[in-house]
Amino acid sequence: VLPRSVIEKKGKINDLLVSEWEQKILAKYMKINGFSSLEAKLNYLDYVQEWTFYGCTFFSVEQRQFKDYPSPLLLGINCEGVVLLHPEKKNVLENYSYTDIVTWGHSDEKFILVVGNIVQQRKLIFKTTEGKIMNHLIHDYVKYKVKNKEVVKINA
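Residues numbered from 1 in each chain as written. Predicted model: local features only at pLDDT ≥ 70, side-chain atom pairs only at ≥ 80, totals over all residues. Heavy atoms only, no water.

Caption draft 1: Broad picture of the overall build of the protein chain. Along its length, the protein chain carries four helices and nine strands. Order of helices (α) and strands (β) in the protein chain, N terminus to C terminus: α-β-β-α-α-β-β-β-β-β-β-β-α. Counting contacts in the protein chain only where the partners sit at least 6 residues apart, residues at least 24 apart contribute 33% of the total. (Helix = DSSP H or I, 4+ residues; strand = E, 2+ residues; numbered from the N terminus. Contact = heavy atoms within 4.5 Å.)

Laid out in structure tokens, this is it:
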């Protein structure tokens, strides 16, 4: 069941590695043994919703502003904000919540994100042909968050 790359060492299956993995799997199984299907699914969702890029829609964009970052890189948009990821390593390079985003826009070949606050702002420009989709996605998330905030105030 385990991939060969996990249990192989120097081209041979390592019985010690197999035993270690069996113990890890059994320990995890014992923790979830007895959960209903629904409970297991809810636990899984609780776990993955903590990931920075949970629910992200990713776009490959070119950038020239960050000297230490690759181009192209991945720009992800989710209900919490915008995240920039390294395209190969998949590590988070920048993370902007919607409270950090002052405004955004697009043209046929660019997507623009202005981050910061009223006093200090940074304009981030990304080359992409998917700016319109990105623009609408952020607009819809912000609209949803504002609407939910109003509902919470009414119910409070």
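Caption draft 2: Region of the structure containing the packing of aromatic side chains. Enumeration over the complete set of coordinates arrives at four aromatic pairs. Each ring, one from Tyr98 and one from Tyr141, has its centre 6.4 Å from the other, and the planes form 35°; the classification is tilted. Note that Tyr98 is positioned in the loop between β6 (92-97) and β7 (101-106) and Tyr141 in helix α4 (residues 131-155), a separation of 43 residues in sequence. An aromatic cluster of three or more residues is present, and its members are Tyr47, Trp51 and Phe53. (Phe/Tyr/Trp six-rings, centres within 6.5 Å; stacked < 30°, edge-to-face > 60°.)

Caption draft 3: The state of the cysteines, seen in detail. Under the counting rule described, the total for this entry stands at zero disulfides. The thiol sulfur of Cys56 is not disulfide-bonded, and the nearest other cysteine sulfur, from Cys79, lies at 8.7 Å. Judged by its relative accessible area of 16%, Cys56 falls in the buried class. Residue classification places Cys79 among the partly exposed residues on the basis of a relative accessible area of 32%. (Disulfide = S-S within 2.5 Å. Buried < 20%, exposed > 50% of the residue type's maximum accessible area, 1.4 Å probe, protein only.)

Caption draft 4: Up close: the sheet that holds β7. Spatial strand order, β7-β8-β9: three strands in an open sheet with antiparallel pairing. Where the open sheet ends on each side, the last strands, each with one partner, are β7 and β9 (121-127). Neighbour-to-neighbour, the strand axes of the sheet open up by a mean angle of 15°, direction not taken into account. The pairing of β7 with strand β8 (residues 110-116) spans five bridges and is antiparallel. Paired with Ile101 across the bridge in β8 is Val115. (Pairing = 2+ DSSP bridges. Axes fitted to C-alpha atoms, helices over the stretch in contact; angles between N-to-C directions.)

Caption draft 5: Spotlight on the side chain of Asn78. Relative to the helices and strands, Asn78 is located in strand β4 (residues 73-78). Each residue touching Asn78, except ones within four places of it in the same chain, is listed here: Thr52, Phe53, Tyr54, Gly55, Cys56, Tyr98 and Tyr141.

Caption draft 6: Here's a closer look at the sheet that holds strand β3 (residues 57-61). An order of β3-β4-β5-β6 is seen for the four strands of this open sheet, with the pairing classed as antiparallel. With one partner strand each, in any of the chains shown, β3 and β6 form the two edges of the open sheet. Taken over all neighbouring pairs, the strand axes of this sheet differ in orientation by 20° on average, direction set aside. When β4 meets strand β5 (residues 81-85), the two strands line up antiparallel, connected through five bridges. If you follow Leu75 over to β5, its bridge partner there is Leu84.

Caption draft 7: Structural detail: the nonpolar core. Counting 20 residues, the largest nonpolar core has Leu75, Ile77, Leu84, Tyr96, Leu113 and Phe126 as its most contacted members. When contributions to this core are tallied by element, the ones reaching two or more residues are β3, β4, β5, β6, β8, β9 and α4. Residue contacts for Ile77: discarding those within four places in its chain leaves Gly55, Cys56, Thr57, Phe59, Val82, Tyr98, Met134, Leu137, Ile138 and Tyr141. (Core = buried A, V, L, I, M, F, W, Y, C linked by side-chain atoms within 4.5 Å.)

Caption draft 8: Looking closely at a nonpolar patch on the surface. Residues Leu38, Leu42, Tyr44, Leu45, Tyr47, Trp51, Phe53, Tyr54, Phe58 and Val92 make up a contiguous nonpolar surface patch of roughly 970 Å² in combined accessible area. Take the nonpolar patch: its biggest share by element is five residues, from helix α3 (residues 37-48). Tracing the backbone shows Tyr54 in the loop between α3 and β3. Accessibility expressed as a relative area gives 31% for Tyr54, which makes it partly exposed. (Patch = residues over 30% accessible without salt bridge, like charges linked within 9 Å, V, L, I, M, F, W, Y side chains within 5 Å. Areas by Shrake-Rupley, 256 points an atom, 1.4 Å probe, with all protein chains shown as cover. Salt bridge = Lys/Arg side-chain N within 4 Å of Asp/Glu carboxyl O.)

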